[in-house]
Amino acid sequence: MNRRALIALAAGGSAALLIGALAFQYLGGLPPCALCHWQRYPHVAAVVIGAAGVLFPLAALALAGAGAATLTAGIGAYHVGVEQRWWAGPSTCSAGEVGDVSASELLEQILAAPVVRCDEIAWSLAGISMAGWNALLSTALACVWLAAWGRRRVT
């Protein structure tokens, strides 16, 4: 495969993972936690980088895509550690700041908000959580991006 095709494959992989996450959220009724959101942002970046890379198949864009895929893989691996209670997650996974609201308004917000914790596994396949799958698949996508980086430019 040439660089352009590999970039399209890698960006398409990130798009597929994003679509899957949104399907779990909106069709499966599994609201994302803070770390789940953090894992999505590098995938969005990879899709944008991929669109640019298909038009302009430059090595630097492939390297940037590899960076985005590696970042989301790292966040996914960190999330797995939080799920397994190997380490504590960020404070956004438990409670946010109260701010300047009355006690009754705060109670209404608490009762209306879905409880989504970063340290609980909402779904798994073959004993691997969504965060774990993201880490594994994003690592594979990083390898595709690196393969694109190593290819000669398409003219």
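Scroll up to find the structure this text is about.
Definitions and limits used
Residues numbered from 1 in each chain as written. Predicted model: local features only at pLDDT ≥ 70, side-chain atom pairs only at ≥ 80, totals over all residues. Heavy atoms only, no water. Helix = DSSP H or I, 4+ residues; strand = E, 2+ residues; numbered from the N terminus. Buried < 20%, exposed > 50% of the residue type's maximum accessible area, 1.4 Å probe, protein only. Contact = heavy atoms within 4.5 Å. Areas by Shrake-Rupley, 256 points an atom, 1.4 Å probe, with all protein chains shown as cover. Salt bridge = Lys/Arg side-chain N within 4 Å of Asp/Glu carboxyl O. Phe/Tyr/Trp six-rings, centres within 6.5 Å; stacked < 30°, edge-to-face > 60°. Axes fitted to C-alpha atoms, helices over the stretch in contact; angles between N-to-C directions. Parallel < 35°, antiparallel > 145°, perpendicular 65-115°, else oblique. Left-handed = near helix turned anticlockwise from the far one by under 90°. Nonpolar A, V, L, I, M, F, W, Y, C, P; charged D, E, K, R; others polar. 1 Å grid on protein atoms, 1.4 Å probe; cavity = no way out; pocket = protein on both sides within 12 Å on 5 of 7 lines; lining within 4 Å. Points joined across faces, edges and corners; volume = space filled by probe spheres on them. Expected span 1.5 Å × (residues − 1). Polar contact = N/O pair within 3.5 Å; in protein donor to acceptor, adjacent residues only side chain to side chain.

(A) Inspection of the overall build of the chain at higher detail. Counting its regular elements, the chain contains five helices and two strands. In the chain, which comprises 155 residues, the share counted as buried stands at 34%. The long-range fraction of contacts in the chain, counting pairs at least 24 apart against all pairs at least 6 apart in sequence, stands at 80%. Counting only carbon and sulfur atoms, one obtains 68% of the accessible surface of the chain, whose full area is about 9000 Å².

(B) The pattern of salt bridges, seen in detail. Under the definition given, this model contains three salt bridges. Of the charged contacts, one joins D119 and R117 as a salt bridge, the two residues approaching to 2.6 Å between their closest N and O atoms. Note that E120 is salt-bridged to R117, the shortest N-O span being 3.6 Å. Judged by relative accessible area, E120 falls into the partly exposed class, the value being 46%.

(C) Structural context of the packing of aromatic side chains. Throughout the structure, instances matching the rule amount to three aromatic pairs. Between the aromatic rings of F24 and W123, the centroid separation amounts to 4.8 Å while the plane-to-plane angle is 55 degrees, which identifies the pairing as tilted. Taken together, the positions of F24 in helix 1 (residues 3–26) and W123 in the loop between helix 4 (103–112) and strand 1 (124–125) put the pair 99 residues apart, joining distant regions of the chain. Take F24: its relative accessible area is 26%, and that puts it in the partly exposed class.

(D) Broad picture of the packing of helix 1 against helix 5 (residues 130–150). Axis separation between helix 1 and helix 5 bottoms out at 8 Å; the angle between their running directions is 165 degrees. By the criterion of interaxial angle, the relationship of helix 1 to helix 5 is roughly antiparallel. As for the relative orientation of helix 1 and helix 5, their crossing is left-handed in sense. Taken together, the residues of helix 5 that come into contact with helix 1 (itself represented by R3, L6, I7, L9, A10, A11, G13, S14, L17 and F24) are M130, N134, L137, S138, L141, V144, W145, A147, A148 and W149. The residue makeup of the contact of helix 1 with helix 5, split by class, is 15 nonpolar, four polar and one charged.

(E) Quick look at the layout of surface pockets. Estimated volume of the largest pocket: approximately 610 Å³. Taken together, 28 residues form the lining of the largest pocket, with A21, F24, C36, M130 and A131 sitting closest to its centre. For the lining of the largest pocket, the elements supplying multiple residues, two or more each, are helix 1, helix 2 (34–55), helix 3 (59–83) and helix 5. For the lining of the largest pocket, the element with the most residues is helix 1, which contributes six residues.

(F) Representation of helix 1 in the model. An ideal rise of 1.5 Å per residue puts 34 Å on 24 residues; helix 1 measures up with 34 Å between its terminal C-alpha atoms. Those residues of helix 1 lying buried are R3, L6, I7, A10, A11, G13, S14, L18 and Q25. Of the surrounding secondary structure, the elements contacted by the buried residues of helix 1 are helix 2, helix 3 and helix 5. The N-capping residue of helix 1, defined by a side-chain oxygen 3.1 Å from the backbone nitrogen of R4, is N2.

(G) Representation of the side chain of N134. Position of N134 among the secondary structure elements: in helix 5. A residue is classified by how much of its surface remains accessible, and N134, at 10% relative accessible area, is buried. When neighbours within four sequence positions are excluded, N134 is seen to be in contact with L17, Q39, H43, T72 and G76.

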